[in-house]
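# Inside the fold
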Amino acid sequence: MPAAVYLDHNATSPLRPAAFDAMVEALRAGGNPSSVHGVGRRARALVDAARRQVAALVGALPAELVFSSGGTEANNMALAGSCRRRVLVSAIEHDSVLKAAPNAEVVPVERSGVIDLAAFERQVMSGEPALVSVMLANNETGVLQPIAEIVRLARKAGALVHCDAVQAAGKVPVDLHGLGVDYLSLSAHKLGGPAGVGALVVRNGVRFRADRRGGGQESNRRAGTENVAGIVGFGVAAEAARAGLAAAALRDRLEQALRSIAPQARVFGAEAERLPNTTCVSMPGVAAATQVMALDLAGVCVSAGAACSSGKVHRSAVLAAMGVSDAEAGSAIRISSGWNSRAEDVDRLIAAWRDLYVRVGQSDIPKSQAA
Ligand code: PLP
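Residues numbered from 1 in each chain as written. Predicted model: local features only at pLDDT ≥ 70, side-chain atom pairs only at ≥ 80, totals over all residues. Heavy atoms only, no water.

## Comments concerning the sheet that holds strand β7 (residues 183-187)
Here we have seven strands laid out as an open sheet, ordered β2-β8-β7-β6-β5-β3-β4, and mixed in their pairing. Edge strands, defined here as strands with exactly one partner in the open sheet, are β2 (65-68) and β4 (105-107). Averaged over all neighbouring strand pairs, the angle between strand axes comes to 20 degrees, with direction disregarded. Of the strand pairs in this sheet, β7 and strand β8 (residues 198-202) are connected by five bridges, and their pairing is antiparallel. Considered in β8, the bridge of tyrosine 183 is made with valine 202. Of the strands in this sheet, β2, β3 (87-90), β5 (131-133), β6 (160-164), β7 and β8 are in contact with helix α3 (residues 71-81), which crosses β7 at around 165 degrees. (Pairing = 2+ DSSP bridges. Helix = DSSP H or I, 4+ residues; strand = E, 2+ residues; numbered from the N terminus. Axes fitted to C-alpha atoms, helices over the stretch in contact; angles between N-to-C directions. Contact = heavy atoms within 4.5 Å.)

## A look at the side chain of glutamine 217
Its location among the elements puts glutamine 217 in helix α8 (residues 217-220). A relative accessible area of 13% places glutamine 217 in the buried class. In terms of polar contacts, glutamine 217 uses its side chain to reach the backbone amide nitrogen of glycine 224, at 2.9 Å. Other than its neighbours up to four places away in sequence, glutamine 217 contacts Ser34, Arg222, Ala223, Gly224, Thr225 and Glu226. (Buried < 20%, exposed > 50% of the residue type's maximum accessible area, 1.4 Å probe, protein only. Polar contact = N/O pair within 3.5 Å; in protein donor to acceptor, adjacent residues only side chain to side chain.)

## Re the sheet that holds strand β12 (residues 332-336)
The strand order β9-β12-β11 describes an open sheet built from three strands, whose pairing is antiparallel. The sheet is open, and its two borders are formed by β9 (278-282) and β11 (303-304), each paired with just one other strand. Relative to β12, β11 is paired through two bridges, and the arrangement is antiparallel. Paired with serine 303 across the two strands is arginine 334, which belongs to β12. Across the sheet, helix α10 (residues 249-261) lies against β9 and β12, angled at about 10 degrees from β9, the strand it touches most. The strands touched by helix α11 (residues 288-297) are β11 and β12; relative to β12, the strand with the most contacts, the crossing angle is about 40 degrees.

## Here we look at the site of the ligand
Neighbouring residues of the ligand: 14 residues in total, closest Gly71, Thr72, Asp164, Ser187 and Lys190. Between an oxygen atom of the ligand and a side-chain N or O atom of lysine 190, the distance comes to 2.7 Å. Per-class residue counts for the shell around the ligand are two nonpolar, 10 polar and two charged. (Near = heavy atom within 4 Å. Nonpolar A, V, L, I, M, F, W, Y, C, P; charged D, E, K, R; others polar.)

## What to know about unusual backbone geometry
Phi angles above zero are rare outside glycine, and cysteine 83 is one such case at about 65 degrees. Along the chain, cysteine 83 turns up in the loop between α3 and β3. Overall, the relative accessible area of 25% leaves cysteine 83 in the partly exposed class. Even without being glycine, glutamate 218 reaches a positive phi, approximately 50 degrees.

## Quick notes on the packing of aromatic side chains
Applying the stated rule across the entire model yields two aromatic pairs. For the ring pair phenylalanine 67 and phenylalanine 234, a centre distance of 6.1 Å and an interplane angle of 65 degrees mean the geometry is edge-to-face. Of this pair, phenylalanine 67 sits in strand β2 while phenylalanine 234 sits in helix α9 (residues 228-243); the two residues are 167 residues apart in sequence, bridging distant segments of the chain. By relative accessible area, phenylalanine 234 is classed as buried at 0%. Here the aromatic rings of tryptophan 353 and tyrosine 357 are separated by 6.5 Å at their centres, their planes lie at 5 degrees, and the arrangement is stacked. Of this pair, tryptophan 353 and tyrosine 357 both sit in helix α14 (residues 343-364), four residues apart, roughly one helical turn. Across the pair, tyrosine 357 and tryptophan 353 agree in class, each one buried. (Phe/Tyr/Trp six-rings, centres within 6.5 Å; stacked < 30°, edge-to-face > 60°.)

## A few points about the pairing of β7
Most of β7 is tucked away: five of the five residues are buried. On β7, burial covers both faces: Tyr183, Ser185 and Ser187 on one face and Leu184 and Leu186 on the other are all buried. For β6 and β7, the ladder comprises three bridges, and the chain directions are parallel. Opposite aspartate 164, over in β7, you have serine 185 as the bridge partner.

## Focus on the pattern of salt bridges
According to the stated counting rule, one finds 19 salt bridges in the structure shown. Among the salt bridges present, the one from glutamate 328 reaches arginine 266, with a minimum N-O distance of 3.0 Å. Residue glutamate 328 is located in helix α13 (residues 326-329), and its partner arginine 266 is located in the loop between α10 and β9; the two are separated by 62 residues in the primary sequence. Ionic pairing is found between aspartate 326 and arginine 315, a salt bridge with its closest N-O pair at 2.6 Å. With aspartate 326 in helix α13 and arginine 315 in the loop between β11 and α12 (317-321), this residue pair connects regions lying 11 residues apart in the sequence. Exposure remark for aspartate 326: the relative accessible area of 46% places this residue in the partly exposed category. (Salt bridge = Lys/Arg side-chain N within 4 Å of Asp/Glu carboxyl O.)

So, in structure tokens, the structure goes:
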């Protein structure tokens, strides 16, 4: 059996070899960036270099970056650090936003998965100046949100804007100042860096209150000795990602092939602008868990559309917000390619999906969906 085909980059992307090598070197070198001796100064230089690399990926100034333990912490830091009492979130945000702001007002999305801008405008204007948190790209469907337009409307209401760019960075161009947002979250392991490191970008001059107590690291914005090797891996991965952003050719070929195998298959968010690497597709009548297991047996790794951190499949809040029925959402899988994906990988997936469809798909499809 050939090595497994990995098409689950939105869950985590394999560590890029250059990031791995740089991390090993940094681990060997050791040192605390706060120490004044030579070993400490070399560690500081590594962190500074990585800060420039990550900042360049999103058009930020190095000083605007606050390294964190990942996207989850960055999102939590933004929601707490803006000090706004009123928070607005879109209905399709990641749990690290939704659960960090349990009292937030929720803005609906359209059937395409794009935020309902008219509803947003009404909501943001009706009340005290809020913090608005809307992601740049959705992790399940890849649908991109009109952030610059959201910022324009938010400004009219005196609102601040946080953007979770965890899934977008390294896949599509991201420019902090072009978008105009105040806070931007990033995570290393979604773009070929290590898990457990990320960053919150705080635009120059924007208010930010640190919520953990301790040392003065990260210019007093995030206490705790830096994860030097992780940060170094993040920097190298960010630079590599910037040099080779994803193209949509593989995704488009995949979707065309799946639709020709199963004409009733539905690609969620297909009407909207999407990430070039993400396909959320249903095989009507076949449970997502069945598809994931069958593909796994065929050596292909993908996710159920709604896999959560425990690996269990729950009802997808994202697809529900897009008006997708439970039955259809229950048969959705997510296929996400990345920096090491090749055309042969997609061919293996297509072949395995076709085998499954021939074996169980057609016979199991309810009459109402097979029409
Ligand atoms: N935001 C989005 C959109 C994500 O997809 C994820 C991870 O799946 C996160 C935030 C959390 O990032 P991390 O795993 O680095 O905590």
